[in-house]
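Close look at the chain arrangement
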Amino acid sequence: MTPDLECVDLVRRFGETTAVDNVSFSVPPGSFFSILGPSGCGKTTIMRMIAGFLDPTSGDIRIKGGTVLDTPPNKRPVNMVFQHLALFPMMNIAENIGYGLRRQGMARGRIARKVDEALDRIGLPGIGARKVDELSGGQKQRVAIARCMVLEPDVLLLDEPLGALDLKLREHMKIELKALQAAFDTTFVYITHDQSEALVMSDQIAVMNAGRFEQVGTGQDLYYRPDTPFVAGFIGEANRWKGRVDRVDGAVLEIRTETGLAVRATGAGALSRGDAAEIFVRPEAIHLAASAGALSDFDNRMHGTVTSTLFNGAASRVLVDNEVGETLEVTLPQTGEFANLERGDTVHVGWGAAQATCFAGTG
Amino acid sequence: MRSNARIGFVLLLTPLVLWLGLLIVIPHIDMLLISLRERISFGVYETSLTQYDKALTEPLYLRTFWRTAVMSVLATAITLLIAFPVAYYIAKMARGRLQQVLFMLCLIPFYVSELVRTFGWMILLRETGLISSLLQWAGLADQPVEMLYNDAAMMVGLVYTSMLFMVVPLVTTLESLDDSVVEAGYDLGGNGLSVLREIIIPHAMPGIVSGCIVVFMLSLGNYLTPTMLGGKDSLWFTEMIYNQFIVRSNWELGAAFGFMLLVLSSVIVWGVLRLTGRTLQETMG
């Protein structure tokens, strides 16, 4: 099947800096594709090139198999939901949604029907005569999407559209966006710096850093099987160690950290004895126990003192200082067993080698 | 406390009341009274509408009155047409330093008085002036060309004088237009013309209306430029007011002219506001 959107060796330079460095990806029809990265990583540049507001320095952008490099933005079969939505404040809601259709020269009666249909679809029937500033944040969001969707674009681009909303509404809109995407059955390309937005909504996520794609995969891939230290550090939380490989035992590596600990981990790349390595262990992969005996199954075991408990409902953590004085972040199980854990208590922690991912280090 | 607040309120209000009363309300009432009287003989006056009757029946007066109105509207329209692209460039295309420099360039001519600026135009346009000499030197004209003392020269002067008062409100409103709104206009299929018509101009409307009102009033009330650059046929209504007051010492007719001008500008401004569906508060405030 021809992908809806395909970028081939896309490069964009601004003077000396390379904002987008040889990025290739393809998005299958009807899927929700996210580009996730810290601000300044080049994701907005990719978006603007797809929309046509910027020309790539080199490379190709194909929509439904055909190149669109020579097509100006107003003729491209892609539409964009802007970061601050960019609804037209001088028009009412119906005029906003009908704007693109008027540009296509559609007859008034048909436009009115299509606008009503679109309003029904986003669950806001009868608001056509309202002004833009009479709507709430979430309603504006839906209108901005409807304004694009009436044009039936091949690809809908969304540039961090949830950034301006408050937390509760953002959580709600994540689910709603996913539902809208399914309802419209259109390819969505979504850019964000918020990992939870990307993880919740996307079929495929590309993690971007410094102009390059670090890894493209499903949320589970990125979370459980990161390819690079950047992905491991960017998606979710992690405790990190740096060290050198001491012993290779099949898939399991034994690493001597800079602080002198021996940690057993699984490697994400080929590593041999003496190589520099970096280890990532997620707080939720670490088991907490009152006695050392309960952790005998685990490859790595330590004990330490609780220095602080960070209560955050289901995502509560404890900070544990181990023998050598490093602070580990450990997820607090919500089973009640550790409800009375206090600062200064001695605890035992342990995790399996499979839960510790190890990458070739830089130092 | 209450009486203190009241004293403060009165003190704050006093300068405003004095300003409005002494400089605007009282002189206008007096002007109205002067315009409504007729001189019978030395020191004897009678209330009548003779002055207005004279002003409205004498062809020269009437013609000058309408000409001034039409030319002022025209000057306003030309100023808007020239200032809009300039303001758009300054507000949306220029960045950083360039933006400041361009804005300063618009402002700098206003550091010297209108009189000096108008003389500048005379130096350029007169028979022995720069442009005339240049044309002769280039062989495009075989004798000195007089470009002063006609309607075109006067229009140039009026537009030049009012430019800043159109550019400033336009730059201010255009700067508040979010770039992404313009981009959205293109993204959804608009071309340059439709984005301009449906998005940029509606957004800039408050600036356009307030700029036009200011420029129109400035042109209507301009005295220097029409006198210096305009020809014998380019009589401006303000010149006639001046003539009646100073040359002819006919204050009664001059006051009637003044009131006609006031009514004219009020009616046109009101008409423009009605036409664009705006109120004076949202345009000026």
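Refer to the structure above for everything that follows.
Residues numbered from 1 in each chain as written. Chains lettered and ligands numbered in written order. Predicted model: local features only at pLDDT ≥ 70, side-chain atom pairs only at ≥ 80, totals over all residues.

Counting secondary structure elements, chain B contains 13 helices and 2 strands. Across the 285 residues of chain B, 28% fall into the buried class. The long-range fraction of contacts in chain B, counting pairs at least 24 apart against all pairs at least 6 apart in sequence, stands at 68%. (Helix = DSSP H or I, 4+ residues; strand = E, 2+ residues; numbered from the N terminus. Buried ≥ 20, exposed ≤ 12 C-beta atoms within 10 Å, placed from the backbone. Contact = placed C-beta atoms within 7 Å.)

Once that is clear, we can look at the overall build of chain A. For chain A, the helix and strand inventory stands at 8 helices and 20 strands. Put simply, of all contacts in chain A between residues at least 6 apart along the chain, 66% involve residues at least 24 apart.

Turning our eyes to something else, we now look at the nonpolar core. Core analysis: the largest hydrophobic core is formed by 120 residues, its most contacted members being Ile50(A), Val81(A), Leu157(A) and Ile279(A). The element contributing the most residues to this core is helix α9 (residues 192-220) of chain B, with 11 residues. Excluding anything up to four places from it in sequence, Ile50(A) contacts Leu5(A), Ile61(A), Val78(A), Leu157(A) and Val189(A). Met71(B), Ala75(B), Leu125(B) and Leu158(B) belong to the second-largest nonpolar core, a separate cluster that totals 12 residues. (Core = buried A, V, L, I, M, F, W, Y, C linked by C-beta atoms within 7 Å.)

The next subject is the pairing of strand β12 (residues 252-257) of chain A. All names here are of chain A. Note that strand β11 (residues 239-249) and β12 share 6 bridges and pair antiparallel. Note that in β12 the partner of aspartate 249 across the bridge is valine 252. Note that β12 and strand β13 (residues 262-267) share 5 bridges and pair antiparallel. Looking across to β13, one finds that isoleucine 255 is bridged to valine 263. Taken together, β12 and the strand that follows it, β13, pair antiparallel across an intervening segment of 4 residues, in which glycine 260 is found at a positive phi of about 95°. (Pairing = 2+ DSSP bridges.)

Attention shifts here to the packing of α9(B) against helix α12 (residues 251-276) of chain B. Residue and element names in this part refer to chain B. Two elements in contact, α9 and α12, have axes whose closest approach is 11 Å; the angle formed by their N-to-C orientations is 165°. Of the possible angle classes, the one that applies to α9 and α12 is roughly antiparallel. In this structure, α9 crosses over α12, and the sense of that crossing is right-handed. Contacts between α9 and α12 pair Met205, Val209, Cys212, Ile213, Phe216, Met217 and Leu220 from the former with Leu261, Ser265, Ile268, Val269, Val272 and Thr276 from the latter. (Axes fitted to C-alpha atoms, helices over the stretch in contact; angles between N-to-C directions. Parallel < 35°, antiparallel > 145°, perpendicular 65-115°, else oblique. Left-handed = near helix turned anticlockwise from the far one by under 90°.)

As a further point, take the sheet that holds strand β16 (residues 300-310) of chain A. Residues and elements named next belong to chain A. With antiparallel pairing, 5 strands are arranged side by side in an open sheet as β15-β19-β16-β17-β18. Two strands lie at the open edges of the sheet, namely β15 (287-289) and β18 (327-331), each paired on one side alone. The mean angle between the axes of side-by-side strands here comes to 45°, regardless of whether they run parallel or antiparallel. Inspection of the sheet shows β15 paired to strand β19 (residues 346-351) by 3 bridges, in the antiparallel sense. From the neighbouring strand, leucine 288 faces β19, where its bridge partner is valine 349.

A word on the interface of chain B and chain A. Frequently, the measure chosen for interface size is the accessible area that the parts lose on association. Listed as interface residues are 15 residues of chain B and, on the opposing side, 17 residues of chain A. Sort the elements by how many residues they give to the side of chain B that touches chain A and helix α8 (residues 179-187) of chain B lands first, with 6 residues. Considered class by class, the residues forming the side of chain B that touches chain A number 6 nonpolar, 6 polar and 3 charged. (Nonpolar A, V, L, I, M, F, W, Y, C, P; charged D, E, K, R; others polar.)

What follows is about the sheet that holds strand β10 (residues 212-217) of chain A. Residues and elements named next belong to chain A. Taken in spatial order, the 6 strands make up an open sheet running β6-β7-β8-β3-β9-β10, and their pairing is mixed. In this open sheet, the two edge strands, each paired with only one partner strand, are β6 (78-81) and β10. Strand-to-strand twist of the sheet, defined as the mean angle between neighbouring strand axes without regard to direction, takes the value 20°. One ladder, built from 5 bridges, connects strand β7 (residues 155-159) with strand β8 (residues 187-192); its direction is parallel. Its bridge partner lying in β8, leucine 156 is registered against phenylalanine 188.

Time to look at unusual backbone geometry. Positive phi, normally seen in glycine, also occurs at Glu152(A), with a value near 50°. Of note, Glu152(A) is situated in the loop between α4 (137-149) and β7. Looking at Glu152(A), the number of C-beta atoms within 10 Å reads 13, which means it is partly exposed. Non-glycine residue Tyr149(B) carries a positive phi angle of around 55°. Positionally, Tyr149(B) belongs in the loop between α6 (130-137) and α7 (151-175). Taking the C-beta count within 10 Å as the criterion, Tyr149(B) has 18 such neighbours and is therefore assigned partly exposed.

The subject of this paragraph is helix α2 (residues 93-103) of chain A. Along an α-helix, a turn takes 3.6 residues, which lines up residues three or four apart on a common side. Along α2(A), the positions that sit buried rather than exposed are Ile93(A), Asn96(A), Ile97(A), Gly98(A), Tyr99(A), Gly100(A) and Leu101(A). Elements in contact with the buried residues of α2(A): α3 (108-121) and α4 of chain A.

All names here are of chain B. Between α7 and α9, the shortest axis-to-axis distance is 8 Å and the interhelical angle comes to 160°. In terms of their interaxial angle, α7 and α9 are classed as roughly antiparallel. Where α7 crosses over α9, the two elements pack in a sense that is right-handed. Facing Leu158, Ser162, Phe165, Met166, Pro169, Leu170, Thr172, Thr173 and Leu174 of α7, the residues of α9 in contact are His203, Ala204, Pro206, Gly207, Ile208, Ser210, Gly211, Val214, Val215, Leu218 and Ser219.

We now examine the environment of Asn22(A). Residue and element names in this part refer to chain A. With respect to the element layout, asparagine 22 can be found in strand β2 (residues 17-27). Residue asparagine 22 is classed as partly exposed on the basis of its 14 C-beta neighbours within 10 Å. The sequence separation of asparagine 22 and lysine 178 amounts to 156 residues, and the corresponding C-alpha distance is 29 Å.

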